There are 4 protein chains.
Amino acid sequence: MTSPTSVNVADLREVARRRLDPVLDSYFAGGAGDERTLRDNEAAFDAYRILPRVLRGVGTRDLRTKLFGETISMPVLVSPTAFHRLAHPDGEAGCARATAAADTIMVVSMAATTAIETIAAAAAEADRPPRLWFQLYPQPDLAFTESVVRRAEAAGCGALVVTVDSPVFGRRERDLRHGFLDLPDGLCCENMRDPETGGIRSIVMDAGLDWSRIEWLRQITRLPIVLKGILHPADAALAARHGADAVLVSNHGGRQLDGVPASIDALGAVVDAVGGQLPVLLDGGIRRGTDALTALALGAVAVGVGRPVVWGLAAAGEAGVRQVLELLRADLDRAMALAGAGSPAELTPDLIRPVVRR
Amino acid sequence: MTSPTSVNVADLREVARRRLDPVLDSYFAGGAGDERTLRDNEAAFDAYRILPRVLRGVGTRDLRTKLFGETISMPVLVSPTAFHRLAHPDGEAGCARATAAADTIMVVSMAATTAIETIAAAAAEADRPPRLWFQLYPQPDLAFTESVVRRAEAAGCGALVVTVDSPVFGRRERDLRHGFLDLPDGLCCENMRDPETGGIRSIVMDAGLDWSRIEWLRQITRLPIVLKGILHPADAALAARHGADAVLVSNHGGRQLDGVPASIDALGAVVDAVGGQLPVLLDGGIRRGTDALTALALGAVAVGVGRPVVWGLAAAGEAGVRQVLELLRADLDRAMALAGAGSPAELTPDLIRPVVRR
Amino acid sequence: MTSPTSVNVADLREVARRRLDPVLDSYFAGGAGDERTLRDNEAAFDAYRILPRVLRGVGTRDLRTKLFGETISMPVLVSPTAFHRLAHPDGEAGCARATAAADTIMVVSMAATTAIETIAAAAAEADRPPRLWFQLYPQPDLAFTESVVRRAEAAGCGALVVTVDSPVFGRRERDLRHGFLDLPDGLCCENMRDPETGGIRSIVMDAGLDWSRIEWLRQITRLPIVLKGILHPADAALAARHGADAVLVSNHGGRQLDGVPASIDALGAVVDAVGGQLPVLLDGGIRRGTDALTALALGAVAVGVGRPVVWGLAAAGEAGVRQVLELLRADLDRAMALAGAGSPAELTPDLIRPVVRR
Amino acid sequence: MTSPTSVNVADLREVARRRLDPVLDSYFAGGAGDERTLRDNEAAFDAYRILPRVLRGVGTRDLRTKLFGETISMPVLVSPTAFHRLAHPDGEAGCARATAAADTIMVVSMAATTAIETIAAAAAEADRPPRLWFQLYPQPDLAFTESVVRRAEAAGCGALVVTVDSPVFGRRERDLRHGFLDLPDGLCCENMRDPETGGIRSIVMDAGLDWSRIEWLRQITRLPIVLKGILHPADAALAARHGADAVLVSNHGGRQLDGVPASIDALGAVVDAVGGQLPVLLDGGIRRGTDALTALALGAVAVGVGRPVVWGLAAAGEAGVRQVLELLRADLDRAMALAGAGSPAELTPDLIRPVVRR
């Protein structure tokens, strides 16, 4: 059941807070260290002003967006988040149905509590073709990593989203205080199932990861490779040189290194560094249509939403995710109309004026 | 009855809060989205400092201001706001009487709850010639739009103030939460009366609106055309090219696209862009004489006040509006004396020093 | 009796708050309009950082300062404030004794509740030569103005401090709310006594005041003329050209035009504009030795303190003023030692680094 | 006993607050004046963002750092703080054991409540070679100063850390209010024992101190000389010229001149001024691995921690100090991994982006 009184994402976040066990809520909501970056992700949008254009005849707007040759209904997709079945029994399958209904992309987390094949089947129940991407922490065991990639390919995933900001785990002190360590009985990381033993492997953060592993991935799969977690412009430039197909500007929702910039503050330099060679995506702090509009105008081709989806899921399962996505679609559509843009392509940098940060 | 203990606009706002139904108060006071722009409209003035001149012999000050060949007593006018009879039974007629008494301009809202003819008659009761302008949302039905323009002309309105920032309705979440949707029985938008059926039409926000409609308006009327809701300098430049007679820098009181700049922050670039070809007006956040002084010094020829008038009206009807306008007049006069300016023309940009914003 | 537990000016301000009638406290503490400038006067110092020098051998420090050929014991003087007998029975006479004991200058207010002759006699009781300056609001009645100047000269005042920021009264809304209008029975502005009728005149704020009046003053007296209330660099330049002997950067303690810069923020441009032709003084927000140090390093030759003196007076009469002045002397001496300066002349602009303002 | 529930330095600070007498807690925690610099030391780090590098293969990290030819296990050392036995009976000896166990440097305060010989003996109990430096307030009595230097040399200290920011005592108003003046019976500054009389001398702040004393020290000892308390770039340049071996950017924990910059804000200009001629260290506000990382990336070769060590000591004695040092080591190691740096040398300035300060 959706939340009819929720008029925005913040409302759904409050519904989620009431429904979730506080320790779990804290797990989903929390960040690393002092949570400076966590807070900044949202607050940073306040440092950009939108200069709308008027009288542009925007009676028909078209939000469709092309990524790797496929068209989605809007430039908003579902960023990977772990453990959906902790948030709601609908879990990743419900999220996938809702995302498919919204005709956009769900990036399935490697730490999903549902197998990619099950998620793909759920997504296929929607009227529209499922659009799943698969998020990958490359594991030191290359054979196992390859087996995961093969499962993603077989399930019809359209891209690999390789997380590059996690050589080690971020220190999330809320979880340390709560003793939140592992999944309860009955839940596990289904995509970490060992093809030989049938057991569930732990996800390893591989501090040894370097560009050669990206090149190895490039060789073992034809799926487009999105590097998730790029903030330094030099790395954005390297991504193009090492065969990545896109970069996703992200700070892991403030959960890895506290003190890094808000995603939106890092976007401009990354866009400049890739110089049009690769599409640039962004996640982190998108809660409003105007947030998405700002990122798109500054050069992102699409934005991802993570926690809002978790909150929708926790609030009302599949229907809650649908509500989040439709709220954001309507909000972006309205913001585009009010800014005089009939399509994402008309969202140009001159619409945004940075303000000196508080 | 005026509020003798109200020494400033903020006091009258509190009186209004006590007298208004909370849902209505929220309707008048609220803005779009997270209300960032709403708050910023007022707060932004804190980012400008006035550098007063001294020893300039300002024993006689003259606040008179010329607009489209007519002279008003001060560079402060009444910006359009909807539904005055919701605020007080005196409604638009009372507001018009008070504005006429103050010898300045009232911009009558297309969403007035009183017919323009009745408002004009009320204004004419004052000793001074009524000075009404008419605010227009151009409707997709051109014939109906023309009929409204003709009523405004016939009622003696001196200009058309064409709102260009509203291709769609802004999302005002306070109203959504309160279920505030429509006028109560007995009140309607009298200026939307269909000349043929006699029924009241709904105001349509026309997302298809473009510059050709301005040119069409230019052809059907000789009234000066003021474009209200310009924030982007490029649109200010276009306004001059498409035959507008003035631009009004405004963000619709923060009620349309949240995240746009405070009006005062957008003024300078607009003034530069029109380069003296057109007069520039401003509304948004004017609560003090020093606010008006700041806008005038930065290049506005006059400023509008919206909510302060509604608060005056809600607090004490016609007399409350009069109190608001006289408070602002005295405050501006005092500020000009203290800044060493004997007339608005002596308010020059060197009197203002921008401060890096918080 | 001094306040032994008061370790700083803020403590004395709290003692004063407890001893004063709230309406009077509000009169002394309040400012104009929204009191933005009032708050900013103190807060602005937080936007400057001191870069101390080390190992400079500052075992002996000398705070003596020369003004118009006279030497005072420190670059801190008493700025004019009205109505001392409202704060404490010791009144201006007590303040003068304390100031003389501190071997610095008291600028006597034209709105003093004690005659300048009585104040001068009190100051003469101290061991050191009294150093009084006289603050003047030039009155439209030139003959009366001249009679006041003659009284000041006869009483031995060393300079005229001509207030130029008051063409009209600032609007202090606290006082309007409290109905604070006039002095109680038994107190009056003794320096406004008409030499012919013996009655007390009201102080007139003369909006017609211009540079010709400064030139007239220049002709009727040989006293040095300090222009108090200069904030715009252009006026600082004019001051030199019209025969002033010094300028005092001041915003009248935030009591005249709200929205003008904090004094310390206006200082640099004024110092640049006078280019060494005139000494520049400053008052506004000085509460600590580091505040004084900052102003001196940025080019002020001395700083005035107004409210701190009133608080000292209210807290403990003459002894309280003495305590304030000795607290500030010790604080400035310590700050100079810690910044590596043995004398005010060694306080150079490189010791100050501006910070972008909050 | 360590505090198992303390996951960061802030937690240990709270444990310390609960265990310490409030007057003592205030002594350790407080700063000079309005404590602007005290607060700023921590807050300033929020004005720097870390731009991490990714995919750099940081599976093995090496935090070892070389100072004056000796290698310590990490670029974090213990800054001098007074009166450890007031915080915990383990006192300086416990702190020395913990620091030695962490294989880093303890800078012993001249105001230690334990004799340097005893501290050295305690440090030697650890498995690793003790690494003590000695902090010196040069006393006007040169013979006595030399005797102290000789004791430090004899105890095996590896460097002299000469405090240059204390020509006079900073005014710590908390202590004035509390009447905190001196050590209780049984505790004294053991390193101030007069070699002839056997009595304890008071530490004299010598305002006459200048560069000639540094040169004198340079002549009487072969120990490396670190100048502690440099903030002005001109002094950093002079340090190199006068034979110092290193500078320590510090504001004495905000306890001397209030209003000076946060240490991290002063670092860059000092690093530029020494131009690689001397190693630059920093203390002030380091509470997190990311704080240390920021300072190292901006050019510090190592950072010191003062209050965190006192809090660890107060919370749990020797074990608490150990916990603080290991928390910081792990935090820095994690931050380096997440920023893509395998060693301190790989922490380059491009990793840091300054933000306009709030």
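The rules behind each value
- Residues numbered from 1 in each chain as written.
- Chains lettered and ligands numbered in written order.
- Predicted model: local features only at pLDDT ≥ 70, side-chain atom pairs only at ≥ 80, totals over all residues.
- Heavy atoms only, no water.
- Buried < 20%, exposed > 50% of the residue type's maximum accessible area, 1.4 Å probe, protein only.
- Helix = DSSP H or I, 4+ residues; strand = E, 2+ residues; numbered from the N terminus.
- Pairing = 2+ DSSP bridges.
- Right-handed = clockwise from strand over helix to strand, strands pointing away.
- Least-squares fit on C-alpha atoms with pLDDT ≥ 70 in both.
- Contact = heavy atoms within 4.5 Å.
- Phe/Tyr/Trp six-rings, centres within 6.5 Å; stacked < 30°, edge-to-face > 60°.
- Buried area = accessible area lost by both parts, 1.4 Å probe.
- Salt bridge = Lys/Arg side-chain N within 4 Å of Asp/Glu carboxyl O.
- Polar contact = N/O pair within 3.5 Å; in protein donor to acceptor, adjacent residues only side chain to side chain.
- Nonpolar A, V, L, I, M, F, W, Y, C, P; charged D, E, K, R; others polar.
- Expected span 1.5 Å × (residues − 1).
- Bend = angle between axes of the 7 residues up to and from the residue.

Asker: Looking at this structure, I do not really get the pairing of strand 6 (residues 132-136) of chain B. What am I missing?
Answerer: Residue and element names in this part refer to chain B. By the criterion of burial, strand 6 is predominantly enclosed, with five of the five residues buried. Burial along strand 6 is two-sided: the residues Leu132, Phe134 and Leu136 and Trp133 and Gln135 are all buried. By the bridge criterion, three bridges tie strand 5 (residues 106-108) to strand 6 in an arrangement that is parallel. What sits directly across from Val108, in strand 6, is Phe134. By the bridge criterion, three bridges tie strand 6 to strand 7 (residues 160-163) in an arrangement that is parallel. What sits directly across from Gln135, in strand 7, is Val161. With helix 7 (residues 142-154) bridging strand 6 and the parallel strand 7, this β-α-β connection has right-handed handedness.

Asker: I keep staring at the relation of the copies chain A and chain B and nothing clicks. Help me out?
Answerer: The two chain copies are connected by a rotation around an axis plus a translation along it. Least-squares fitting of chain A to chain B yields an RMSD of 0.0 Å, with the transformation described by 0.0 Å of translation along the axis and a rotation of 90 degrees. The transformation just described matches what one would write down for a four-fold rotation axis.

Asker: Whenever I open this one, the relation of the copies chain D and chain A confuses me. Can you help?
Answerer: Taken as rigid bodies, chain D and chain A are interconverted by a rotation of 90 degrees and an axial shift of 0.0 Å, the fit giving an RMSD of 0.0 Å. The residues that chain D uses at the interface reappear at the interface of chain A in only 6% of cases, marking distinct surfaces.

Asker: I'm lost on the packing of aromatic side chains in this one. Help?
Answerer: Aromatic rings in a pair are described by how distant their centres are and how their planes are angled relative to each other. Residue and element names in this part refer to chain A. What the rule picks out here adds up to 12 aromatic pairs over all chains. Where Phe68 meets Trp133, the ring centres are 5.4 Å apart and the plane angle is 35 degrees; that geometry is what we call tilted. Taken together, the positions of Phe68 in the loop between strand 2 (65-67) and strand 3 (70-72) and Trp133 in strand 6 (residues 132-136) put the pair 65 residues apart, joining distant regions of the chain. Judged by relative accessible area, which is 29%, Phe68 ranks as partly exposed. Residue Trp133 is classed as buried on the basis of its relative accessible area, which comes to 5%. Through successive ring pairs, a cluster of aromatic residues spans Tyr27, Phe28 and Phe83.

Asker: Would you take a moment to explain the interface of chain D and chain A for this structure?
Answerer: In many analyses, interface size is given as the accessible surface area lost on bringing the parts together. If you look at the interface, chain D gives 34 residues, while chain A gives 39 residues. Approximately 2900 Å² of surface area, both sides summed, lies buried where chain D meets chain A, with 58% of it carried by carbon and sulfur atoms. There are six salt bridges connecting chain D and chain A. A salt bridge links A:Arg177 to D:Asp11; the nearest nitrogen and oxygen atoms lie 2.7 Å apart. Applying the counting rule to chain D against chain A returns 17 residue pairs in polar contact (both at pLDDT 80 or more). Secondary structure elements with two or more residues in the side of chain D that touches chain A: strand 1 (48-50) and helix 13 (307-339) of chain D. With seven residues, the top contributor of residues to the side of chain D that touches chain A is helix 13 of chain D.

Asker: Can you walk me through the interface of chain A and chain B in this structure?
Answerer: Each side of the interface is counted separately: chain A has 34 residues, and chain B has 39 residues. In terms of surface lost to chain B, no three residues of chain A exceed A:Val54, A:Leu55 and A:Leu338, which account for 26% of the buried area on that side. Counting across the chain A and chain B interface gives six salt bridges. Two residues, B:Glu173 and A:Arg288, come together in a salt bridge whose shortest N-O distance is 2.5 Å. For the side of chain A that touches chain B, the element with the most residues is helix 13 (residues 307-339) of chain A, which contributes seven residues. The residue inventory of the side of chain A that touches chain B, partitioned by class, reads 17 nonpolar, five polar and 12 charged.

Asker: I keep staring at the arrangement of the chains and nothing clicks. Help me out?
Answerer: Over all C-alpha pairs, chain A and chain C never come within contact, reaching a minimum spacing of 7 Å. In this structure chain B stays clear of chain D, and the shortest span between their C-alpha atoms is 7 Å.

Asker: Would you mind going over helix 13 of chain D with me for this structure?
Answerer: In an α-helix, one full turn covers 3.6 residues, which means residues spaced three or four apart are oriented alike. All names here are of chain D. Compared with the 48 Å implied by 1.5 Å per residue over 33 residues, the 26 Å span of helix 13 between its first and last C-alpha is markedly short. In helix 13, a bend of some 140 degrees at Ala316 exceeds every other bend along the element. In terms of burial, helix 13 is largely enclosed, as 28 of its 33 residues are buried. Remark: Gly340 follows helix 13 within two positions and exhibits a positive phi of approximately 80 degrees.

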